Amino acid sequence: MKQLGVGRSSLREAIGSLSLTGVLTVRPGSGTSVTLSHEEFLAKPLGWGIPMGPGRVQELIEARRILEQAIVALAAERASETEIAEMKRHLLLMNTNRRNLRKVINADMAFHASLAKASHNDVLQSLFLQIRNLLRSFTEKILLVPGAYDSVISGHGEIFSAIEARDVEGARSALSRHLDLVSDILASVAVTLDSPSKKAAKPRWCLPRR
């Protein structure tokens, strides 16, 4: 406090504000630590500025489709062997932690972040980080839907296989199928929440994969 030239109350208020915005994590008995990386901190304001009601979900998926199709195409061309190994590691974690939702979501987010990293385009990677902050809660809703887990994991596997094979168009197609599945699942969740007695049409993710 002496170095900063501020009083105890001012410091406490500053820490409280940074904790509310997610920059700092305060754990009683353990101390205070920085939560966000530089990139995540810069991306955070987008999440604060966009209200995510039901009508925004499909808009988010549309934006994600445009962004990630560019990402996976570049990743198929540019990913190093180390980056491909990193993608595979996150995919394995998704497969082996099915009983731990938090770990699965973390691995899912990390998998898509590794795709953005492998594009070797800093602007695309930064844009993905901004969208990722809005995706997490929807990922949880998706994975809680009965039967969705295996379909989602399979979709990630198809994206990875295309990138590993350096198949640009295959990577784009696999991502598009994956986001079609995500859109269907979220639509089924919205129907259920809106009217529990309303029977939704059987979504594509329930059908056998060809």
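Predicted model only: the values in this text are computed from it and were never measured.

*Asks:* Explain the nonpolar core to me, please; I cannot follow it from the model alone.
*Replies:* One recurring pattern in soluble globular proteins: nonpolar side chains tend to sit buried together. In terms of nonpolar packing, the biggest core is built from 50 residues, with Met 87, Leu 115 and Ile 163 touching the most fellow members. Contributing elements (two or more residues each) for this core: α3 (54-78), α4 (81-96), α5 (101-118), α6 (122-144), α7 (148-164) and α8 (168-194).

*Asks:* Any chance you could explain the pattern of salt bridges here in plain terms?
*Replies:* One side chain can pair with another of opposite charge once the charged atoms of both are near each other. All chains considered together, the criterion is met by seven salt bridges. Across the salt bridge formed by Glu 68 and Arg 64, the nearest N and O atoms sit 2.4 Å from each other. Taken together, the residues Glu 68 and Arg 64, both in helix α3 and four residues apart, mark about one turn of the helix. The buried category is assigned to Glu 68, whose relative accessible area is 0%.

*Asks:* How should I be thinking about the side chain of His 156 in this particular structure?
*Replies:* Assignment of secondary structure puts His 156 in helix α7. A polar contact of 2.8 Å, which involves the side chain of His 156, links it to the backbone oxygen of Val 152.

*Asks:* I keep staring at the packing of α4 against α5 and nothing clicks. Help me out?
*Replies:* When two helices pack together, their arrangement is given by the angle between the helix axes and the distance between those axes. Where α4 meets α5, the axes come as close as 8 Å, and the angle between the chain directions of the two elements is 165 degrees. In this view, α4 runs roughly antiparallel relative to α5, as classed from their interaxial angle. Crossing geometry of α4 relative to α5 is assigned as left-handed. Across from Glu 83, Glu 86, Met 87, His 90, Leu 91, Leu 93 and Met 94 in α4, the residues of α5 making contact are Val 104, Ala 107, Asp 108, Ala 110, Phe 111, Ser 114, Leu 115, Lys 117 and Ala 118. Looking at the contact of α4 with α5 residue by residue, the class counts come to 10 nonpolar, two polar and four charged.

Cut-offs and rules
Residues numbered from 1 in each chain as written. Predicted model: local features only at pLDDT ≥ 70, side-chain atom pairs only at ≥ 80, totals over all residues. Heavy atoms only, no water. Core = buried A, V, L, I, M, F, W, Y, C linked by side-chain atoms within 4.5 Å. Buried < 20%, exposed > 50% of the residue type's maximum accessible area, 1.4 Å probe, protein only. Helix = DSSP H or I, 4+ residues; strand = E, 2+ residues; numbered from the N terminus. Salt bridge = Lys/Arg side-chain N within 4 Å of Asp/Glu carboxyl O. Polar contact = N/O pair within 3.5 Å; in protein donor to acceptor, adjacent residues only side chain to side chain. Axes fitted to C-alpha atoms, helices over the stretch in contact; angles between N-to-C directions. Parallel < 35°, antiparallel > 145°, perpendicular 65-115°, else oblique. Left-handed = near helix turned anticlockwise from the far one by under 90°. Contact = heavy atoms within 4.5 Å. Nonpolar A, V, L, I, M, F, W, Y, C, P; charged D, E, K, R; others polar.

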